[in-house]
Amino acid sequence: MNTALTPEAMHRPGGGRGLWDALTNRYLLRLLVHKELRVRYRGSVLGMVWSYVKPAVQFAVFYFAVGVFLQMNRAVPNFALYLFSGIVAINFFNEAFGNATRAVVGNTPLVKKIYLPRQLFPVSSVYVAGVHFVPQLVVLVVGAFVVGWRPGPLQLLAGVAGFAIIAVLALGLGLLFGAINVMVRDAENLVDLIAMVVSWTSPVLYHWNHVAEALGTGPGWVIYHLNPLTPAIELFHWCFWAPTNGVDYVQPPGLPVFAALAGVTALIMLLIGEVVFRRLDGRFAQEL
Amino acid sequence: MADTGTTRIIVDDVSKVFNIRHTHSLKEWIVAKIKGRREATVDRFRALDHVSFSVDHGEAVALLGLNGSGKSTLLKLISGVMNPDDGEILVQGKIAGLIEVGAGFHPDLTGRENVYLNGAILGMSEEDIAARFDEIVAFSEIEEFIDTEVKFYSSGMFLRLAFAVAVHTDPDVFLVDEILAVGDEPFQKKCLARIRELKESGKALVIVSHDLDMVASLCDRGILLKRGKMIHDGDVHEAVALLRGQ
C-alpha cells in the first residue's frame, strides 16, 4: 500500500514552530484581535470609550488619594503626568498578562476541535492590550504637551524600549501561566496577586527618591530593580515626564544597566514561557 | 485516479491513554491527596490500543464502532489536536478537521465575519476566502442573513454556514465527524454530493458516522474499532455487517 510514498512530505500533524507560527500568521492574528475587541464591547453603548473612562477614573482616584491627600503633588512637579505615565504602563502590563493567562482556557472550543498554533491566543491577548494602550497613550501625550513636553530622540526611544520590555515580559508570563492554567485553574488567581504586587512595587505612585531613602542605593536598590517593570516605568518617566516644564530630572542611579537587564529578563521569561507552553501544548485538548 | 500510490495518512502502531483527573484545583488536589480520597487518584483509560493503517489519495475510509470505541480520539490525533502517547501519525498535505461544525464560530460576530474568521482558522489565506466567499454563501443558502449576527441564526442556518466554510477550505485530507446530520434533506443531499466531489477530486477522507447506510454508500473501505482495538480493515459492507452483528 505504501508504494511511491514521498516520506519527505509526510509530517506529524499539529506540532509546528509554535510562537513563530503564531507571530507570522498575521491575517489570522488580526481576525482574532478583531473578534476579541468585538466580543469585549458587545451590547455596550459606550464601546471603546470605556478604555478611556477606566484609566481616567483610576487616575482621578490616585491623583486625589496620593497627590492631594498624601501631598505627593508638592514633592513631585507635574505629579499628574508622572502618575499617569506610570499608570498606563502598569495597566498595559496587567491587561496583557491577565488576558494572556486566560486566553487558552477562554478558547476551549477551538483548542479541543481544531488544530492551530495555540500561542495565537496569548499573542492576540497582548495585541488587544496594545490596542487599548493607544487611547491612553494619546491622552498621556496630550497631557504632556499641556505642560510643555519637549522630548529628545533618545527619550522617545526609551519610551518605545519601555513598551517593548513590558510587552515581551507580559507575553512570556502569559504563555507560562496560560499553559499552567489549563492544568490547574489556580494560575488565574495567582496572576491577580502578581498584578497587584507589581503595581505597588514599581515607582508608579511614588518617586524613586523614596525608595532610595528607605533602601539606600546598595543591594536593596539592586533587588528593587530586578523587577523588570521598575526600569520600564522609569523609562516611561524619562520619556514623558522628564522633558516637561519645571521638572529638574535626576536619573535613578544605574537606570541604563537596569533597563538592559530588564530587557534580558523579559526575553528569558519569553523563552521559558514558550518552552513550558510547548511542553504542555500536547495535553491541552484532553485537559480542557 | 490521477496520482495513485500517494499515501496521505499513516497511522503506525498508535496508542492513546487518557489520565482522568478529578480536580483542576491545586488545593482540592492536595487536600484529597492528604486524606487519601479518590479525587487525588488518576484513572487511566486506554482509548486506542496499537492501531495501524494508512489512507491513500482519493480514498474514503469510514471509521466505525460503538460509542467510546475511540473513533473521535483517532480523528483528533490525525488532525493534530491531540498527540499519540505511543506510535506515530504522519500526514501529507493540508488537513481540515470537521471534528465539530462551527467550533470556530462566534455568536457575536456576523455571518460574514465568521466566514472569514473560520476560513482563516481552517488555514485559508485572505485571498482564498475572498475568492470563495460568494460560493460559500451560495452553498449555505443564507444570503439575506449573512450580515446578521450568528446568535440570531436558527441552529440549521448556523450549521449550514459552518459546513459551507469547511467544505470550501480545499484540504488534502478531510476529517469528518458525525456532521452529516446537518439541515433538512435537500441540504443533506447537497452535502453528500459535495463530499463525493471532494473524494473524486482526490482528497483523502476519513468519516465517522453512526449512519451506517450513508457511510456504506459513501466509503469503499471501513475500519471497525472496538474498545480502542482495530478489529477489521477492509470492505465497508463487511465492516458494517460486523458492527451490526456485534
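Bear in mind the structure is a predicted one, so any value in this text is a computation, not a measurement.

This next bit is on the side chain of B:Ser15. Residues and elements named next belong to chain B. Tracing the backbone shows Ser-15 in strand β1 (residues 7-21). Within the structure, the side chain of Ser-15 is placed 3.0 Å from the backbone nitrogen of His-50, a separation counted as a polar contact. Look past the residues within four positions of Ser-15 in its chain and what remains in contact with it is Arg-46, Leu-48, Asp-49, His-50, Pro-84, Asp-85 and Asp-86.

Attention now goes to the interface of chain B and chain A. At the interface, 50 residues of chain B touch 40 residues of chain A. Surface buried jointly by chain B and chain A totals about 3,700 Å² across both partners, of which 56% is contributed by carbon and sulfur atoms. Between A:Arg38 and B:Glu113 there is a salt bridge, and its shortest N-O distance comes to 2.6 Å. At the surface where chain B touches chain A, the tally comes to six residue pairs in polar contact (both at pLDDT 80 or more). Mapped onto the side of chain B that touches chain A, the elements with two or more residues apiece are β1, α1 (26-35), β2 (42-56), α2 (71-79), β4 (86-91), α3 (111-121) and α4 (126-140) of chain B. Tallied by class, the residues present in the side of chain B that touches chain A amount to 23 nonpolar, 14 polar and 13 charged.

Let us look at the nonpolar core. One finds A:Leu28, A:Phe93, A:Phe284, B:Leu64, B:Val115, B:Phe174 and B:Ile207 to be the most contacted residues of the largest nonpolar core, which totals 138 residues. Ranked by residues supplied to this core, first place goes to helix α5 (residues 79-106) of chain A with 17 residues. When near neighbours in sequence (up to four residues on either side) are disregarded, B:Leu64 contacts B:Lys71, B:Ser209, B:Leu212, B:Val215, B:Ile223, B:Leu224, B:Leu225, B:Ala239, B:Val240 and B:Leu243.

Now for the packing of α3(B) against α4(B). All names here are of chain B. One way to put it is that α3 packs onto α4 with a least axis distance of 10 Å and a crossing angle of 130 degrees. One element, α3, and the other, α4, form an angle in the oblique class. Relative to α4, the crossing made by α3 is right-handed. Mapping the contact onto sequence places Arg-112, Val-115, Tyr-116, Gly-119 and Ala-120 in α3 and Glu-126, Ile-129, Ala-130, Phe-133 and Ile-136 in α4. Residue classes in the contact of α3 with α4 are distributed as seven nonpolar, one polar and two charged.

Calculation notes
Residues numbered from 1 in each chain as written. Chains lettered and ligands numbered in written order. Predicted model: local features only at pLDDT ≥ 70, side-chain atom pairs only at ≥ 80, totals over all residues. Heavy atoms only, no water. Helix = DSSP H or I, 4+ residues; strand = E, 2+ residues; numbered from the N terminus. Polar contact = N/O pair within 3.5 Å; in protein donor to acceptor, adjacent residues only side chain to side chain. Contact = heavy atoms within 4.5 Å. Buried area = accessible area lost by both parts, 1.4 Å probe. Salt bridge = Lys/Arg side-chain N within 4 Å of Asp/Glu carboxyl O. Nonpolar A, V, L, I, M, F, W, Y, C, P; charged D, E, K, R; others polar. Core = buried A, V, L, I, M, F, W, Y, C linked by side-chain atoms within 4.5 Å. Buried < 20%, exposed > 50% of the residue type's maximum accessible area, 1.4 Å probe, protein only. Axes fitted to C-alpha atoms, helices over the stretch in contact; angles between N-to-C directions. Parallel < 35°, antiparallel > 145°, perpendicular 65-115°, else oblique. Left-handed = near helix turned anticlockwise from the far one by under 90°.

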